[in-house]
Amino acid sequence: MNPLSTKNFLPDAFLGARDDIAVQIQLLWTLFKAPLLIPLLNMAIFLCSSMSLMLFIEKVYMSIVILLVKVLGQEPEKRYRWEPMKDDIEAGNSAYPTVLVQIPMYNEREVYQFSIGAACGLSWPSDRMIIQVLDDSTNPTIKDMVKLECQRWQSKGVNIKYEIRDSRNGYKAGALREGMKRSYAKQCDFVAIIDADFQPKPDFLRRTIPFLVHNPELALVQARWTFVNSDECLMTRMQEMSLDYHFTVEQEVGSSTYAFFGFNGTAGVWRISAINEAGGWKERTTVEDMDLAVRASLKGWKFVYVGSLKVKSELPSTLKAYRYQQHRWSCGPANLFRKMVFDIIKNKKVSTWKKLYVIYSFFMVRKIVAHIVTFLFYCIVLPATVLTPEVAVPKWASIYIPSIITALNALSTPRSLHLMVFWILFENVMSLHRTKATIIGLLEGNRVNEWIVTEKLGDALKNKAITSFAERTRLRFTERFHFLEIGVGVYLCFCGCYDVAFGKNHYFLFLYVQAVAFFIMGFGYVGIFVPKI
């Protein structure tokens, strides 16, 4: 019989062990573990295993769709009518639709010339294209620089408009909405949106506009992003792996099956009538692009993703900028889901299968479950099982499924397969911030509408002198000291020590390495400068 099951034994045990602190702690741990911790862990393992299975099925399903698309050769040009725009001698340039190119900006000192120059270099009749620079800059010097750049292109005969407004209400969504109110904008048929750090090739409009001209059911043509600074440091390589999967798999699956995916906010061309029918730009969340896409889809419009059309862009190369971006990208979709889930359910213009896809696959699995299960399972629950050998973790949930999911993600960027371990650790650490942002979005917390423009560095990356490591560390240490990350790192390190001493799970090596990753991110060394790999 277990002596702890005898009621009269407990006082005697503590009395006999009053001089032995270790025994007292062990008894307290035993009392706490059996009735409370073990049932809680079993419940958490069941929940996390279920979420892992949901994510696994979603990943496998998308992989099968991508494989079929490749095997059957279902390029966008074959699914939809596409013919190049041809010059008409009699009609002249009137055969071309009028296109508005919007470039929203905010204090873009380093990159404003890139996007303006690329937009002005687009191959499209000059009298059928209007370039609109929407400058929300608060720095007078930068505003003057952007205005002078617009005047320089005007002197070359380019139809470019420089627009400012009195306040930044609505941020990017507000700027785009105000831009659409201009009289010349109302004369346009389509609008191309190009962020300040994006550089479309000259044939961008000639490859996208024909989809919209020949297919009246299409509202959006989305191009793929490529990254000019993906080799800048280890952190940008990790970002490239995640975003390559998003564009190679997620966007392609949405386009080829349900003709729905989230607009990426830039490098896309919209039918203006579809924007108006959907209710225009709204700033109720920090993902105004996704908001517009969902509303347009509920009106019956379809989208097409052209993966072969690539637009250059820049990845955040500092940890601070990346954290702010990921907060916005994680909080916004969760908050949008909260605001629109009932509208999607009640909608009668789209099929039940499409509604199910948007609610379950697009929002639930990819935008909520993926973040929560990564942090909760791999950073909290699995390490806790080291302290409780009585709790069994199914191998399929802790080994097989994560391995397959990781492999499917990594295959989208073959050149970075050797960095897979770093990517796993990086994603685990970032899952803490994404989970926090997701919960803020679902509960509409204090930072739900926080909007901080992602810092772009442009050529400053190439021209910056490499300062000493000590100086860089001192400058950024206070910016990136996050106690929560360090706390998780301490927790993982403790679990690893316990596993070495008493455990039976033998996760200690994984826990130690993961703890180091949390310490590194907590103290802020990753975003400083990591040599190319």
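Conventions adopted
- Residues numbered from 1 in each chain as written.
- Predicted model: local features only at pLDDT ≥ 70, side-chain atom pairs only at ≥ 80, totals over all residues.
- Heavy atoms only, no water.
- Helix = DSSP H or I, 4+ residues; strand = E, 2+ residues; numbered from the N terminus.
- Areas by Shrake-Rupley, 256 points an atom, 1.4 Å probe, with all protein chains shown as cover.
- Phe/Tyr/Trp six-rings, centres within 6.5 Å; stacked < 30°, edge-to-face > 60°.
- Buried < 20%, exposed > 50% of the residue type's maximum accessible area, 1.4 Å probe, protein only.
- Lys NZ or Arg CZ within 6 Å of the ring centre and 35° of its normal.
- Expected span 1.5 Å × (residues − 1).
- Bend = angle between axes of the 7 residues up to and from the residue.
- Pairing = 2+ DSSP bridges.
- Axes fitted to C-alpha atoms, helices over the stretch in contact; angles between N-to-C directions.
- Contact = heavy atoms within 4.5 Å.
- 1 Å grid on protein atoms, 1.4 Å probe; cavity = no way out; pocket = protein on both sides within 12 Å on 5 of 7 lines; lining within 4 Å.
- Points joined across faces, edges and corners; volume = space filled by probe spheres on them.
- Nonpolar A, V, L, I, M, F, W, Y, C, P; charged D, E, K, R; others polar.
- UniProt positions renumbered as here; feature names shortened; annotations may be inferred.
- Salt bridge = Lys/Arg side-chain N within 4 Å of Asp/Glu carboxyl O.
- Disulfide = S-S within 2.5 Å.

Visitor: In this structure, what is going on with the overall build of the chain? I would like to understand it.
Guide: The helix and strand inventory of the chain stands at 18 helices and seven strands. In the structure as shown, the chain presents an accessible area of about 24400 Å², 62% of it carried by carbon and sulfur atoms.

Visitor: I keep staring at the packing of aromatic side chains and nothing clicks. Help me out?
Guide: The relative placement of two aromatic rings is captured by the distance of their centres and the angle of their planes. Summed over all chains, the structure comprises 17 aromatic pairs. When the centroid spacing of 5.1 Å and the interplanar angle of 75° are considered together, the rings of F260 and F362 count as edge-to-face. Taken together, the residues F260 in the loop between helix 8 (234-258) and strand 6 (268-271) and F362 in helix 12 (residues 352-387) connect sequence positions 102 residues apart. The same class applies to F260 as to F362, namely buried. A ring pair is formed by F263 and W270, whose centres lie 5.7 Å apart and whose planes are at 90°; its orientation type is edge-to-face. With relative accessibility at 0%, the residue W270 sits in the buried group. Between the NZ or CZ atom of K161 and the centre of the ring of Y184, over which it lies, the distance is 5.4 Å. One residue, R168, lies across the ring of Y106, its end atom 3.7 Å from the ring centre.

Visitor: Even after reading the chapter, I still don't get helix 8, so can you show me in this structure?
Guide: Relative to the 36 Å expected for 25 residues at 1.5 Å per residue, helix 8 spans 35 Å between its end C-alpha atoms, a close match to the ideal helical length. The axis of helix 8 is deflected most strongly, by about 30°, at H246. The buried count for helix 8 comes to 21 of 25 residues, which makes it a mostly enclosed element. A positive backbone phi angle near 55° is found at A259, which sits one or two residues after helix 8.

Visitor: Could you clarify how one ought to interpret the sheet that holds strand 5 (residues 218-227) in this entry?
Guide: Either a parallel or an antiparallel arrangement is found when strands of a sheet pair, and the pairing is made through backbone hydrogen bonds. Read across the open sheet, the seven strands follow the order 3-2-1-4-6-5-7; overall the sheet is mixed. Only two strands of the sheet have a single partner each, and these edge strands are strand 3 (160-163) and strand 7 (302-313). When strand polarity is set aside, the average angle formed by the axes of neighbouring strands in this sheet is 20°. Where strand 4 (residues 190-193) meets strand 6, four bridges bridge the pair, whose relative direction is antiparallel. The residue bridging A192 from the neighbouring strand is V269, located in strand 6. The sheet strands contacting helix 5 (residues 140-154) are strand 1 (99-105), strand 2 (129-135) and strand 3, and the helix crosses strand 3 at an angle near 160°. Of the strands in this sheet, strand 5 and strand 7 touch helix 8, which is tilted by about 160° from strand 5.

Visitor: Help me understand helix 7 (residues 204-214), please; the structure alone is not making it clear to me.
Guide: An α-helix turns once per 3.6 residues; consequently, residues spaced three or four apart project the same way. Across the eleven residues that make up helix 7, a large majority, eight, are buried. Taken residue by residue, helix 7 has F204, L205, T208, I209, P210, F211, L212 and H214 as its buried positions.

Visitor: Would you mind going over empty space enclosed by the protein with me for this structure?
Guide: One simple way to see leftover space: roll a probe sized like a water molecule over the atoms. A complete count under the given rule lists one cavity of 30 Å³ or more for this structure. Roughly 50 Å³ of volume is contained in the largest cavity. Forming the boundary of the largest cavity are L134, D135, D136, E163, I164, R165, A175, E178, G179 and R182. Of all the secondary structure elements, the ones that give two or more residues to the lining of the largest cavity are strand 2 and helix 6 (171-180). Element by element, the count of residues in the lining of the largest cavity is highest for helix 6, at three residues. Grouping the amino acids of the lining of the largest cavity by side-chain chemistry returns three nonpolar, one polar and six charged.

Visitor: Can you walk me through the UniProt feature "transmembrane region" (unreviewed entry) in the chain in this structure?
Guide: As annotated by UniProt and renumbered to match this structure, "transmembrane region" (unreviewed entry) occupies residues 36-57, 368-387, 399-426, 481-501 and 507-530. Secondary structure across residues 368-387 comprises 100% helix and 0% strand; the distance between its end C-alpha atoms is 28 Å.

Visitor: Looking at this structure, how should I read the pattern of salt bridges?
Guide: Side chains that differ in charge, positive against negative, can pair when their charged atoms come close. Summed over all chains, the structure comprises 20 salt bridges. In this structure, K172 and D195 form a salt bridge, with 3.0 Å as the shortest nitrogen-oxygen distance. Here D195 lies in the loop between strand 4 and helix 7 and K172 lies in helix 6, a separation of 23 residues in the sequence. Judged by its relative accessible area of 13%, K172 falls in the buried class. With a closest N to O distance of 3.2 Å, K181 and E178 form a salt bridge. A residue is classified by how much of its surface remains accessible, and K181, at 48% relative accessible area, is partly exposed.

Visitor: Help me understand the state of the cysteines in this model?
Guide: In protein structure, a disulfide is the covalent linkage between the sulfur atoms of two cysteines. Inspection of every chain in the model, using the stated rule, returns zero disulfides. Cysteine C120 is unpaired, with the sulfur of C150 as its nearest cysteine sulfur at 7.6 Å. Among the residues examined, C120 registers a relative accessible area of 12% and is labelled buried.

Visitor: I tried to follow the environment of F261 on my own but got confused; where do I start?
Guide: Mapping F261 onto the fold places it in the loop between helix 8 and strand 6. Residue F261 is classed as buried on the basis of its relative accessible area of 1%. If sequence neighbours within four positions are ignored, F261 has contacts with L220, Q222, Q251, G254, S255, A293, F303, V304, Y305 and F362.

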